[in-house]
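Take a look at the letters that make up each chain.
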Amino acid sequence: MHRRMFTCGLGLGSWLLGHQALAQAVLRPVIPTGLVGSFAESWLERERLLQAIDQSLSYFGRASSQRDYPQADLPHWAMQGALKFFKDQLIQSTTPLEFELRVWHYFNFYQAAGQKGQGDVLFTGYYEPVFEGSMRPNERFRFPLYRLPTDLVLDRQGKAKGRRTSQGFVPYYTRAEIEEQQLLKGLELAWLDNPFDAYLIHVQGSARLVLEDGQVMGIGYAGKTDRPYQSLGKALIKQGVFKPEEVTLPVLRQYFQDHPDRLKPLLYTNESYVFFQQTPLYATGPKGSIGVPLTARYSIATDRKIFPRGALALVDVALPEVDGVRPWRRFVCNQDTGGAIIGPGRVDLYIGTGPAAEQVAGRLKSVGNLYFPVLKPDPPPFGS
């Protein structure tokens, strides 16, 4: 096992030497000395990290995953090999210090360029909501989530091409058209009692619904229209209601509780519309875009066109916990993507399920750093 992994490392080193333009606008080689001494928590919480790693390894084991590579000029075999070898170090290490020493011994780091090319990555959070819902409408449950309509055409990557007509593809209906004209009547999947909660499911992409008979139903993303997305927060900022630094999910929830009549017109400024399907319930979390269940705080979403999917990553960001802001420096896996997560300077961290996760995810808006570990060309055995 070790010898084969060292061979992967040598291959990557030689390969990189021949590809000096290692996506210079996306990743750059660095030595993150500021993170020295910060890997202990990843080892102490290795059970959850190993869950995330095993999910990514199942993705890499599918032949279809090779279609996603190379990404950021990194080949499939290199990122799969790095993940396998990292897992070995995590298991073999007997103390946090040994684990940290092994990581520095065997791995180099490539940093995401960020929004301005200075490593400045904006982190936000997302979560899996838990709301009450119904399979049938009634006086309480009046706000539907819809199944994917047959006239919306998606490409092989699941991206909307538009609505097929006799004249060819045209943009799909806007949110206002869909709701005001009831264009999707008959495609209702489930009903909620609060339009803001329904919107949150559109944003988060998944949810658990506690039905009236006590059963729990998993809701997952099925597709979205080709119309442009605008967040409620951005709409309120444009209108001068809030400053950018003031907008958090708790603030938005309170605002629309106080001003319910403002919700619908502001929702209609977001032309995009998301569709859903019933999904299995997984213990760790909903499925990400690579088709594996997410792990709370150990799965991230990035731009699928830029960063290596399924790969091991390292995040350095401050999290707004209930008891104050705390640094979160952890190895994670890149297992998801999102419509608003675009470019080398954006990361969405999956926080978990339910109200407690909402409190953290809804307030996370911090600039941090993102790294991708790769094996060194041919390091000597550890301890030699």
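Residues numbered from 1 in each chain as written. Predicted model: local features only at pLDDT ≥ 70, side-chain atom pairs only at ≥ 80, totals over all residues. Heavy atoms only, no water.

Some words on the environment of arginine 175
Tracing the chain through its elements places arginine 175 in helix α6 (residues 175-180). What makes arginine 175 buried here is its relative accessible area of 3%. Note: C-alpha distance between arginine 175 and valine 274 (99 residues apart in sequence) is 9.3 Å. The residues touching arginine 175, leaving out its near neighbours within four places in the chain, are His202, Leu267, Tyr268, Asn270, Glu271, Ser272 and Tyr273. Among the polar contacts listed, one links the side chain of arginine 175 to the backbone oxygen of asparagine 270, at a separation of 3.0 Å. (Helix = DSSP H or I, 4+ residues; strand = E, 2+ residues; numbered from the N terminus. Buried < 20%, exposed > 50% of the residue type's maximum accessible area, 1.4 Å probe, protein only. Contact = heavy atoms within 4.5 Å. Polar contact = N/O pair within 3.5 Å; in protein donor to acceptor, adjacent residues only side chain to side chain.)

So, the confidence of the model for the chain
Residue-level pLDDT values for the chain average 91, and 93% of them are 70 or greater. In the predicted structure, residues 1-23 sits below a pLDDT of 50 and forms 43 contacts with residues beyond four places in sequence or in another chain. (pLDDT = per-residue confidence, 0-100.)

Quick notes on the pairing of strand β4 (residues 130-134)
For β4 and strand β10 (residues 206-210), the ladder comprises 3 bridges, and the chain directions are parallel. When the bridges of β10 are listed, glutamate 132 appears paired with valine 210. Strand direction decides the pairing type here: β4 and strand β9 (residues 188-192), joined by 2 bridges, are antiparallel. Bridge pairing in β9 links glycine 133 to leucine 192. (Pairing = 2+ DSSP bridges.)

Quick look at the pattern of salt bridges
Tallied over the entire structure, the rule returns 16 salt bridges. Residue arginine 330 pairs with glutamate 41 through a salt bridge whose shortest N-O separation is 3.9 Å. Of this pair, arginine 330 sits in strand β15 (residues 324-336) while glutamate 41 sits in helix α2 (residues 40-44), placing them 289 residues apart in sequence. Looking at glutamate 41, the relative accessible area reads 35%, which means it is partly exposed. Here arginine 227 makes a salt bridge to glutamate 271, at a shortest N to O gap of 3.4 Å. Taken together, the residues span a long stretch of sequence, with arginine 227 in the loop between β11 (216-224) and α8 (232-238) and glutamate 271 in the loop between α10 (263-267) and β12 (274-279) at a distance of 44 residues. (Salt bridge = Lys/Arg side-chain N within 4 Å of Asp/Glu carboxyl O.)

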